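The primary structure of each chain is shown beneath.
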Amino acid sequence: MDKRQFIKNCALAATLIPLASCASVIAAPASKLTNRILPVQLNPGDTVALVSPSKATDNMLDLQIATEVMQALGLKVKTGKHLASRRGHLAGTDAERASDINAMFADKEVKAIICLRGGSGAARVLPLLDYPLIRNNPKILLGYSDITALHNAIGAQTGLVTFHGPNGTGSWNSFNADQFRRVFFERELMQYQNVLDAKDELAPRQNRTITITPGKVQGELVGGNLTVLTSLAGSSYLPDFTGKILFIEDVEEAPYRVDRMLSTLKLMGALDKIAGFIFGECTDCRPSGGYGWLTMDQIFDDHIKPLNIPAYRGAMIGHIKQQFILPVGAKVELDATAGSFRMLEQAFQPS
C-alpha cells in the first residue's frame, strides 16, 4: 500500500472540486447527516460491477481472477469502462475512475460494486462523485485499505451503509467466501469472533485478541485504514464520530507512525467522541532505527485506555488473508471483554 503518495494525493484532491462536472455540490456537512440508507439486497445470479478507484493493476491475470471469483460466488460480472486503464500509478485519470463508480451506481442492472484493489488514489475522486445519485441508488460497495476513503466519504455525504472487506484481487479463501455468502446472500446478523488456530502449539497464537478496556457498548461502525482515515482529517468526507465504534487497521507502518496518527485522531477530537474501539491487525508494523520506540501496548495505553471506553485489539480486520466483512455505518454491539462484536440490525433493505 503506497500510503506516502496517498497523503500527497489528498491535498491534490481538494483542488479538483471546481473540475467536478458530473458531481454535485457536497450534499450536507457530515455533522448534520443523521439518516442512514441501506443498500438493496444481493442474491445469487445478480450482477456485480468491478471498478478500480485507486491503484492500477499491472497484471491482467488479476482482472481475470477477480471476475472468476465473483462468478464462482454465483454472480454475473460487469466491468467498469476504465477498469484496465492506467495513468502513472493510478487506474486511469481521476475523472475516469470517478465516472466508473458513478456509472455503476446509476446502472439498474448492477446490485453491488466490488473494488478491484486498494493502493492509493481514491481520495482524488471524492470531489467527483455524484452523491445524490449514490443516495438515490443505494447499493453494496465492498473493499478495504485505500477504499476507506470511499467508505467514509459516501457515509458522510449520503448515509449509505457500505462494506469493509476483501477487494476483488484479494484472497478469496474459504473463510472470506463464507463471510461473503453469510453477509450478502443469507443476510445473517453476524457475530464477529476471531477463529483461533493453535496449529501445533499448546496455546494458540494466531488471531488472539487483547482487551484494552473491558465492557460492552452499542454504536454504529466507522473507520477503516488508519493512514487513509487520518489523511481525510479536516475534510467534509469524514462522518461524525459521536457515539460511534471506531475500527482501524494498517499495514507496513512503524509504531511511531501509528502513534502519530492516533495523536491526529485525538487532536481532531475524534477519539474523545467515540463510544468503543476495535483495532484489527497492523501487518508488518515493525519498529525501525532511532533511540528506541514505543511498543504497540504502550501506544494503546497512552491513547485508548484513558478514554475509559470498551476497547480491544487483534480483530480479524485488515491486510490479512482471512478477514471479516463489516457493515460500515450499521449498528453493532461491542463486547471488549470477549474480544468480539455483533450486528444488531439488518444492513439491507427489506425484500
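Residues numbered from 1 in each chain as written. Predicted model: local features only at pLDDT ≥ 70, side-chain atom pairs only at ≥ 80, totals over all residues. Heavy atoms only, no water.

A. Summary view of the side chain of R124. Tracing the chain through its elements places R124 in helix α4 (residues 122–125). Of note is the side chain of R124, whose polar atom sits 2.9 Å from the side chain of D94. (Helix = DSSP H or I, 4+ residues; strand = E, 2+ residues; numbered from the N terminus. Polar contact = N/O pair within 3.5 Å; in protein donor to acceptor, adjacent residues only side chain to side chain.)

B. Fine view of the side chain of D46. Relative to the helices and strands, D46 is located in the loop between α1 (3–13) and β1 (47–51). Buried charge without a partner: D46 forms no salt bridge, and the closest opposite charge is K111, 6.2 Å away. (Buried < 20%, exposed > 50% of the residue type's maximum accessible area, 1.4 Å probe, protein only. Lys, Arg positive; Asp, Glu negative; His and termini not counted. Salt bridge = Lys/Arg side-chain N within 4 Å of Asp/Glu carboxyl O.)

C. Local environment of the environment of L42. Its place among the elements puts L42 in the loop between α1 and β1. The buried category is assigned to L42, whose relative accessible area is 0%. Taking C-alpha positions, L42 is 6.1 Å from F185, a pair spaced 143 residues apart along the chain. Non-local contacts of L42, meaning those with residues more than four positions away in its chain, are made with V48, L75, K111, A112, I140, F180, F184, F185 and R187. (Contact = heavy atoms within 4.5 Å.)

D. Seen up close, the sheet that holds strand β7 (residues 210–213). Spatial strand order, β6-β14-β13-β8-β9-β10-β11-β7: eight strands in an open sheet with mixed pairing. One side of each edge strand has no neighbouring strand; the edge strands of this open sheet are β6 (191–193) and β7. Recorded for the sheet is a direction-independent mean angle of 30° between the axes of neighbouring strands. Sheet topology places strand β9 (residues 245–251) next to strand β10 (residues 276–283); six bridges connect them, and they run parallel. Residue D250 lies in a different strand from β10, and its bridge partner there is C282. (Pairing = 2+ DSSP bridges. Axes fitted to C-alpha atoms, helices over the stretch in contact; angles between N-to-C directions.)

E. Main features of the packing of aromatic side chains. Under the definition given, this model contains 14 aromatic pairs. Ring centres 5.4 Å apart and planes at 10° place the aromatic pair F163 and F348 in the stacked group. Here F163 is found in strand β5 (residues 162–164), whereas its partner F348 is found in the segment after β14 (340–343), with 185 residues between them in sequence. Note on accessibility: F163 and F348 belong to one class, buried. (Phe/Tyr/Trp six-rings, centres within 6.5 Å; stacked < 30°, edge-to-face > 60°.)

F. Fine view of the state of the cysteines. According to the stated counting rule, one finds one disulfide in the structure shown. What pairs with C282 in a disulfide is C285, and their sulfur atoms sit 2.1 Å apart. One quick way to see it: the torsion about the S-S bond of C282 and C285 is about -75°, and its sign makes the bridge left-handed. Just as C282 is buried, C285 falls in that class too. (Disulfide = S-S within 2.5 Å.)

G. Main features of the pairing of β1. The element β1 is extensively covered by neighbouring structure, given that five of its five residues are classed as buried. Both faces of β1 are covered, namely the face carrying T47, A49 and V51 and the face carrying V48 and L50. Where β1 meets strand β2 (residues 76–79), four bridges bridge the pair, whose relative direction is parallel. Opposite A49, over in β2, you have K78 as the bridge partner. In terms of handedness, the path from β1 via helix α2 (residues 60–72) over to β2 forms a crossover that is right-handed. Bridge count for β1 against strand β3 (residues 110–115) is five bridges, and the pairing is parallel. For T47, the partnering residue across the bridge sits in β3 and is V110. (Right-handed = clockwise from strand over helix to strand, strands pointing away.)

H. Up close: unusual backbone geometry. In this model, S145 sits at a positive phi of 65°, which is unusual for a non-glycine residue. Looking at where S145 falls in the secondary structure, it is placed in the loop between β4 (140–143) and α6 (148–158). Judged by its relative accessible area of 3%, S145 is buried. Unlike most non-glycine residues, N207 shows phi in positive territory, near 65°. Examined against the element boundaries, N207 turns out to sit in the loop between β6 and β7.

I. Highlighting the sheet that holds β3. Taken in spatial order, the six strands of this open sheet run β2-β1-β3-β4-β5-β12, and their pairing is mixed. In the strand order of this sheet, the two ends are held by β2 and β12 (326–328), each with one partner. Going across the sheet, the axis of each strand differs from the next one's by a mean of 30°, ignoring polarity.

J. Main features of the nonpolar core. Counting 54 residues, the largest nonpolar core has L126, L129, L150, L246 and F277 as the members making the most contacts within it. Residue contacts for L150: discarding those within four places in its chain leaves P53, I101, C115, A122, V125, L126, L129, L141 and G155. L42, I140, F185 and Y312 belong to the second largest nonpolar core, which has 48 residues in total. (Core = buried A, V, L, I, M, F, W, Y, C linked by side-chain atoms within 4.5 Å.)

K. Region of the structure containing the packing of helix α9 (residues 255–267) against helix α10 (residues 296–303). α10 packs onto α9 with a crossing angle of 10° between their chain directions and a minimal axis gap of 10 Å. Judged on the interaxial angle alone, α10 and α9 are roughly parallel. Two secondary-structure elements touch here, α9 through P255, V258, D259, L262 and S263 and α10 through M296, I299, F300 and H303. Of the residues assigned to the contact of α9 with α10, the class counts are six nonpolar, two polar and one charged. (Parallel < 35°, antiparallel > 145°, perpendicular 65-115°, else oblique. Nonpolar A, V, L, I, M, F, W, Y, C, P; charged D, E, K, R; others polar.)

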